[in-house]
Amino acid sequence: MVKKIETSVGYNGSVIDFYKVPPRFTEWHRFRRVFLSRKIVLFGMVILVLLIFTAAFANFLAPYDPYIPDMSNSLLPPTAKHLLGTDIFGRDTLSRLIYGSRTALAVGFISVAIASVIGISLGIVAGYYGGIADILIMRAIDTLMPFPMIVLALLVAGLLGGGIHNVIVALSIATIPPYTRVTHGLALSIKENDYILAQRSMGSGHLRIMLRHILPNAFPPIIVLITMMLGSLILAEAGLSFLGIGIEPPGAAWGAMVNDGYKYLQDSPVLSFAPGLAIMLVVFAFNMVGDGLRDALDPRLRGLL
Amino acid sequence: MKIIYSILVITLLLTIAMAGCAEKTTTPAATSASPPASSAAPSVTSTAPTGPQSGGTLRIIRNYGVTNVGYPPNDGGMEQGQDVTRRLINWDEKGNVVPDLAESWKEDPVNNTLTWNLRKGVKFVDGTDFNAEAAKWNMERLIDTKRLTEADKVKSLDIIDTYTLKMSLTDLNSQAAINYGWVAMYSPAAVKANGEEWAKTHPVGVGPFTLVDWSPDNFVNLKKFDNYFVKGTPYLDGINFRVIPDPVSASAMMEAGQADLWFDAPTKFAADLEKKGFKVNWAVTGFFWGLFANTANPDSKWNNKKLREALEYAIDRPGMARALGYGKFEALTQVAPKGSTGYNDGYDPRPYNPEKARQLLAEAGYSKGLQTTLLCSAMSQDYATAIQANLLAVGIDAKIDLADFARFNSMYMSGFFGGEGFPELAVGMVGIDLPFATGLIRHFGPTPMTGILSINGAKSPEFLALCDKLYNTFDSAELTKVTKQSVKQVSEDALVVPLLKTPWASVMAPGVHDDSSTAHNVVWNLNNSWIEKK
Amino acid sequence: MTAFIIRRLLHGLVVLILVTILIFFAMRLLPGDPLLIYLAQRSQALQDLPPEVIEQLRHEYGLDKPLPVQYINWLSGIFRGDLGDSYFYRQSVGNLLRERFPITVYLGILALIISIIVGISAGMLAAIRRGKWLDNVVTPLTYLGVTIPIFWLGILMIYIFGLKLQILPIAGFTSPFVDFSLSTRQLIMPVICESIFGIASNARQMRSSMLEVIRQDYIRTAWSKGLGERVVIFKHAIKNSLIPVITLIGMGVSFIFGGSVLVETVFAIPGVGRLFVSGIFNHDYLVVQGITMVMAVVVLLVNLIVDISYGWLDPRIRYG
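Numbering of residues begins from 1 in every chain and follows the order in which that chain's sequence is written. Going through the entries in the order they are written, you letter the chains from A and number the ligands from 1. Reporting in this predicted model follows two pLDDT cut-offs: at least 70 for local features of residues, and 80 or more for side-chain atom pairs to be given and counted; totals over whole chains, interfaces and linings ignore these cut-offs and use all residues. Based on all heavy atoms of the structure, the side-chain values leave hydrogens and waters out of the count.

What chain A contains, in helices and strands, is twelve helices and two strands. If you take every contact in chain A between residues at least 6 apart in sequence, the share linking residues at least 24 apart comes to 72%. With an accessible surface of roughly 11300 Å², chain A has 67% of that area assigned to carbon and sulfur atoms. For the purposes of this entry, the term helix denotes a DSSP run of H or I that reaches at least four residues, the term strand denotes a run of E that reaches at least two, and both are numbered from the N terminus. By the convention used here, residues are in contact when the closest approach between their heavy atoms is within 4.5 Å. Per-residue and other accessible areas follow the Shrake-Rupley method at a 1.4 Å probe size, with only the shown protein chains counted as cover for residues.

Here is the structure:
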């Protein structure tokens with residue numbers, strides 16, 4: 001039996017176990033078969049592709065300008081002209097929803113990129129070098145762990161002020177710990193392998209070993225983590241927007257739209273219901289794809305599927 | 001496959017449920033025709049007024065506040081001090097200063113004295129007498145802790161007799177009675193007996209109510225003080241304040257009959273409830289919103305008056321009031337709302353005129369438009385969005401900077417304690433709800449007390465001279481005239497773009513009689529409020 | 001075992017001290033002067049404070065001292081059981097927390113218990129009846145449960161149960177000792193919001209680990225011995241499926257606190273979640289620091305308890 005080195009709880013609420021010998025990408029066929037075998041995962045993929053398409057072509061898809069107020073059309077109910085009605089400023093809700101997908105994706109992908117690069121580097125350095133670097137880095141990460149993500153993000157956002165850029169930074173910092181912990185565990189176990197020792201004796205540099213030998217091994221669990229994290233980042237961004245820290249007007253973000261529409265719950269419930277549904281659908285899609293990736297990459301389930 | 005199917009079904013059901021709900025609400029005629037049973041149409045109109053009835057506990061919703069109670073030197077009593085004690089003066093609904101714990105006062109500009117004649121027979125809740133000694137103690141406490149406005153002008157406080165207190169001042173100005181009369185009176189005996197720490201959370205005033213218990217940001221319970229000096233009042237047995245920060249919840253609680261009175265309801269919700277048959281008091285005063293441009297920084301482009309004038313011409317204030325105000329906002333033409341002392345009839349120096357704005361921009365050398373930033377907070381976010389669109393139409397590209405309250409306040413209140421100020425434009429509220437000279441001086445005078453120093457650069461010598469005159473005019477007719485002139489001068493200098501006046505509204509459940517908030521939003525008095533017996 | 005606990009406690013103490021340093025300096029870095037913010041709130045009530053009063057207040061609160069001194073003062077205060085004074089509420093943080101924490105904890109424990117009981121039993125039933133209608137209802141719901149934004153769920157419920165059907169109080173909190181029935185009715189929606197994530201994630205995890213356990217040899221042996229379904233499930237399968245779920249429950253405490261920040265805002269509940277948000281917005285340093293401290297202690301202790309309970313569930317686990 002492979003030895004478990006790290007248990008992490010995905011922010012989508014499932015336990016992810018990380019094992020000493022992770023699967024390699026050489027098993028591409030098995031991966032593809034498993035990944036594509038579940039319809040729900042495909043369903044998630046379809047939603048994600050649609051989302052990316054929507055975000056990329058928002059300016060062609062949106063029927064109206066999402067930013068310019070048109071006070072004479074304020075708070076219209078859903079009609080053929082405005083499928084999801086208009087907000088207090090007479091802006092088309094559907095158009096804002098479409099533009100909001102850009103915000104959601106930007107927040108998700110950029111935060112994940114920042115957090116994973118920093119988190120992975122810290123984890124590998126800590127695990128590979130050990131000693132004082134290990135202690136410093138891992139204690140720092142431990143310090144961030146007791147904070148719920150939204151609380152940490154709220155704190156960082158307070159520090160930096162509102163605005164979409166700062167929200168991205170806040171969420172990046174708040175999500176570093178899981179990446180570090182996972183790669184730290186992997187680096188610790190891999191560096192004892194004979195072939196790494198052999199590489200060392202052949203004169204390979206530390207950097208080369210970390211990049212060529214440890215990093216690729218960390219990819220499968222990290223990819224699972226990233227996919228699951230994307231969903232929770234979008235949720236957290238929505239939560240922050242709801243608390244009033246987020247995108248600046250007139251920008252469109254789903255969480256802020258829920259919050260803004262909430263005031264008009266009695267007049268036009270669709271204003272806050274529609275963006276909420278959008279958040280749900282996208283987070284759902286990310287989780288499903290993450291689940292699919294985990295099944296396909298997790299050795300524990302090998303042979304069972 | 002089954003899972004996808006199930007999810008689709010659930011999503012579909014949710015959507016249908018929402019659509020169903022949506023349909024119900026988007027036909028206002030239907031809802032107003034058949035209001036929910038609990039929000040029965042008021043029966044007040046049909047019953048003949050029989051006069052106030054005693055008894056009952058009033059359940060009041062507040063949106064915020066109740067962060068601390070206690071007596072003023074500890075910065076308590078910010079909110080509920082209104083109901084547990086009185087001040088020397090008060091305001092009536094027209095904004096006139098009227099006696100309260102002081103029966104009368106005498107200003108002597110020659111000798112620079114202010115003499116208070118106090119009301120007789122007033123008792124504190126702890127049974128001790130309110131007299132000149134107590135008034136002096138309260139004032140001294142505020143002077144010692146530097147909590148009294150213009151405290152440095154007070155030379156001495158002398159007790160002439162049991163109910164007369166004379167203040168000797170270095171110089172008496174027309175606002176002295178307001179500044180010094182705005183002192184809430186608490187029992188010296190109670191504080192001396194129990195200590196400062198205790199007093200921080202235990203206000204002992206003269207009534208009409210007295211504190212039972214409270215919890216910050218949650219509730220305050222008050223009960224009637226039986227020996228209140230206005231005999232026969234208060235009518236209510238008690239008051240139960242609850243803090244409900246969310247207006248949707250608050251409004252629903254009113255509709256469901258879970259509350260009797262909603263103080264300072266946001267305009268939208270008050271207007272909606274009014275349509276549903278609730279009685280709403282729209283107070284004459286409210287908040288004044290303005291667009292400020294930084295002129296304190298000598299390098300600021302806004303020191304060019306033409307640019308500031310262009311701002312004012314660019315903004316469609318009547319349009320904003322219509323779109324955001326539910327028929328309750330007043331589009332301002334000057335820094336005084338209609339009906340206030342300083343209001344100049346028919347004065348509208350810069351009505352909406354985008355053409356003129358563009359022309360002024362060109363004259364100022366910005367024919368290609370300009371880029372700027374607009375600071376706002378969550379409270380002014382909607383106004384900022386509307387302003388941004390207006391400005392964009394004339395070629396001013398303003399990027400909105402939505403700040404949390406902490407950052408907003410530290411920038412908006414800039415200059416006060418070395419704050420960095422707002423760099424370009426800010427949309428904010430000033431409490432120039434006081435329909436008289438004090439408000440004007442407080443917010444726009446040479447050293448504004450609210451700290452909006454970022455507009456100081458635009459103040460002309462004429463305006464500063466008028467401020468000086470305001471301080472030294474004691475005749476009330478003359479004071480009104482000078483106030484009007486000052487208001488005009490603010491526009492002449494283009495100090496600020498007056499935007500909107502948003503009303504202070506209180507919503508009453510059927511059977512509740514309350515006009516406490518019609519006078520002034522910083523002064524309310526629940527002494528005369530009552531509830532009809534069912 | 002004792003050595004393990006002691007080592008973990010020491011480790012926790014180190015983390016705790018690091019948390020205090022982090023939160024202390026993070027708060028001081030927030031832009032804006034807390035006393036200025038306090039003043040801004042006051043000035044609306046027509047009471048002005050001259051600059052020298054602000055300086056005096058700054059002195060009273062020790063804010064004029066160098067940061068390291070402030071930090072040491074705060075830390076030594078904690079050891080004396082004194083969390084300092086709130087600038088905004090003008091009273092001791094200890095008092096505020098005594099008032100607020102029980103509310104959040106009450107809600108949180110209810111949410112935790114519900115998420116454990118409902119989550120585990122739903123997941124178990126779904127696993128036993130794999131592929132049957134029950135599974136087909138429960139499993140999609142668990143997928144939705146972890147994706148729904150809880151503030152949005154709150155709004156949705158307020159709209160349906162509070163505004164349209166008018167069967168539940170919309171917001172607020174009443175102490176159960178004052179009015180138990182009102183208190184309970186007020187709690188229904190917030191508790192659902194706080195527990196939904198836990199229910200769904202516990203159910204998901206329980207289902208998959210149960211499915212895994214059922215495939216194991218010893219369960220097959222138990223079946224083949226002719227033991228009844230009940231015996232097999234209750235005596236053997238559940239206990240062994242619980243280990244990953246316990247990990248989740250440990251994390252659940254942290255999630256529930258995070259959720260309370262949003263839920264208490266939506267439902268106007270005067271707990272620490274709302275206090276925390278107001279503390280951040282008002283730069284009420286000591287309030288935020290105090291809440292963070294207490295929260296970190298709770299999270300660290302819960303994680304320790306979780307680690308210990310592994311040993312109870314699976315005797316094979318040794319504490320090295």
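A few words on the overall build of chain B. Within chain B one finds 18 helices and 19 strands. Scored against the burial criterion, the 534 residues of chain B give a buried share of 59%. Here the contacts in chain B between residues at least 6 apart in sequence split such that 70% fall between residues at least 24 apart. In the form shown here, chain B has an accessible surface area of approximately 20000 Å², with 54% of it arising from carbon and sulfur atoms. For every residue, the accessible area (1.4 Å probe, protein chains only) is compared with the maximum for its type, and the residue is labelled buried under 20%, exposed over 50%, or partly exposed between those bounds.

On to the interface of chain A and chain C. In this assembly, 47 residues from chain A lie in contact with 53 residues from chain C. Taken together, the two surfaces of chain A and chain C that pack against each other cover about 4400 Å², and 79% of this comes from carbon and sulfur. Note on terms: buried area is the combined drop in 1.4 Å-probe accessible area of two parts once they are placed together, counting the loss on both. Broken down residue by residue, the surface that chain A buries against chain C is led by Pro146, Leu155 and Met280 of chain A, which jointly contribute 13%. Only one rule defines a salt bridge in this text: a Lys or Arg side-chain nitrogen within 4 Å of an Asp or Glu carboxyl oxygen. Remark: the boundary between chain A and chain C carries zero salt bridges. The definition of a polar contact used here is a pair of N or O atoms within 3.5 Å, where within protein one atom must be able to donate a hydrogen and the other to accept one, and adjacent residues in sequence count solely through side-chain atom pairs. Where chain A touches chain C, the interface holds two residue pairs in polar contact (both at pLDDT 80 or more). Elements that contribute at least two residues to the side of chain A that touches chain C include exactly strand 1 (4–9), helix 5 (131–144), helix 6 (149–160), helix 10 (206–242), helix 11 (254–262) and helix 12 (270–297) of chain A. Broken down by class, the residue content of the side of chain A that touches chain C amounts to 30 nonpolar, twelve polar and five charged. Gly falls in the polar group here, along with every residue not listed as nonpolar (Ala, Val, Leu, Ile, Met, Phe, Trp, Tyr, Cys, Pro) or charged (Asp, Glu, Lys, Arg).

Whether two aromatic rings pair depends on their centres lying within 6.5 Å, for rings of Phe, Tyr and Trp, where Trp uses its six-membered ring; planes under 30 degrees apart make the pair stacked, over 60 edge-to-face, and the rest tilted. Going through the model one piece at a time under the given rule, you end up with 25 aromatic pairs over all chains. On the numbers, 6.4 Å between centres and 75 degrees between planes, the contact of Phe109 of chain A with Phe286 of chain A is edge-to-face. Pair noted here: Phe109 of chain A is in helix 4 (residues 93–129) and Phe286 of chain A is in helix 12, with a separation of 177 residues, a long-range link. Given the relative accessible area of 38%, Phe109 of chain A is considered partly exposed. For the ring pair Phe24 of chain C and Trp74 of chain C, a centre distance of 6.2 Å and an interplane angle of 25 degrees mean the geometry is stacked. Here Trp74 of chain C lies in helix 4 (residues 67–79) and Phe24 of chain C lies in helix 1 (residues 2–29), a separation of 50 residues in the sequence.

Here the focus is the nonpolar core. Residues Leu154 and Trp254 of chain A, Met254, Trp262, Val507 and Leu526 of chain B together with Trp152 of chain C are the most contacted members of the largest nonpolar core, which totals 212 residues. The two domains that each donate at least three residues to this core are domain 1 (16–79) and domain 2 (100–313) of chain C. Residues Ala314, Met320, Ala321 and Leu391 of chain B belong to the second largest nonpolar core, which totals 44 residues. Among buried residues, those of type Ala, Val, Leu, Ile, Met, Phe, Trp, Tyr and Cys that are joined through side-chain atoms within 4.5 Å constitute a nonpolar core. Domain start and end points were adopted from an automatic or database domain assignment.

Moving on: the packing of helix 16 (residues 461–471) of chain B against helix 17 (residues 476–492) of chain B. All names here are of chain B. Between helix 16 and helix 17, whose axes approach to 9 Å, the crossing angle comes to 155 degrees. One way to sum up the angle between helix 16 and helix 17 is to call them roughly antiparallel. For the crossing formed where helix 16 meets helix 17, the hand is left-handed. Counting all contacts with helix 16, which are made through Glu462, Phe463, Leu466, Lys469 and Leu470, the residues of helix 17 involved are Leu479, Val482, Thr483, Gln485, Ser486, Gln489 and Val490. Split by residue class, the contact of helix 16 with helix 17 holds six nonpolar, four polar and two charged. Between the N-to-C directions of two axes lies an angle of 0 to 180 degrees, each axis being a line fitted to C-alpha atoms and, for a helix, fitted only over the stretch in contact. Note on angle classes: values under 35 degrees are labelled roughly parallel, values over 145 roughly antiparallel, values of 65 to 115 roughly perpendicular, and the remainder oblique. Each crossing is labelled by how the near helix is turned from the far one, with a counterclockwise turn of less than a right angle marking it left-handed and a clockwise turn marking it right-handed.

Before going further, it helps to spend a moment on helix 10 (residues 305–314) of chain B. Residue and element names in this part refer to chain B. Of all ten residues in helix 10, eight are buried, a share of seventy percent or more. When helix 10 is considered as a whole, its buried residues turn out to be Leu307, Arg308, Glu309, Ala310, Leu311, Glu312, Tyr313 and Ala314. Residue Asn304 occupies the N-cap position of helix 10, its side-chain oxygen lying 3.0 Å from the main-chain nitrogen of Lys306.

All names here are of chain A. Where helix 4 meets helix 12, the axes come as close as 11 Å, and the angle between the chain directions of the two elements is 35 degrees. Of the two elements, helix 4 crosses helix 12, and the hand of that crossing is right-handed. Only Leu271, Ala274, Pro275, Ala278 and Phe286 of helix 12 make contact with helix 4, whose side of the interface consists of Thr93, Leu97, Leu105 and Phe109. Counted by class, the contact of helix 4 with helix 12 contains eight nonpolar, one polar and no charged residues.

Phi is mostly negative for residues that are not glycine, and the peptide bonds are mostly trans. Look at the link from Thr233 of chain B to Pro234 of chain B: it is a cis peptide, with omega at -5 degrees. Summarising the element assignment, Pro234 of chain B is placed in the loop between strand 9 (219–224) and strand 10 (238–243). One non-glycine residue, Asn112 of chain B, lies in positive phi territory at about 55 degrees. Looking at where Asn112 of chain B falls in the secondary structure, it is placed in the loop between strand 4 (102–108) and strand 5 (113–118). Residue His283 of chain C is not a glycine yet carries a positive backbone phi of 55 degrees. Assignment of secondary structure puts His283 of chain C in the loop between helix 11 (272–281) and helix 12 (285–313).

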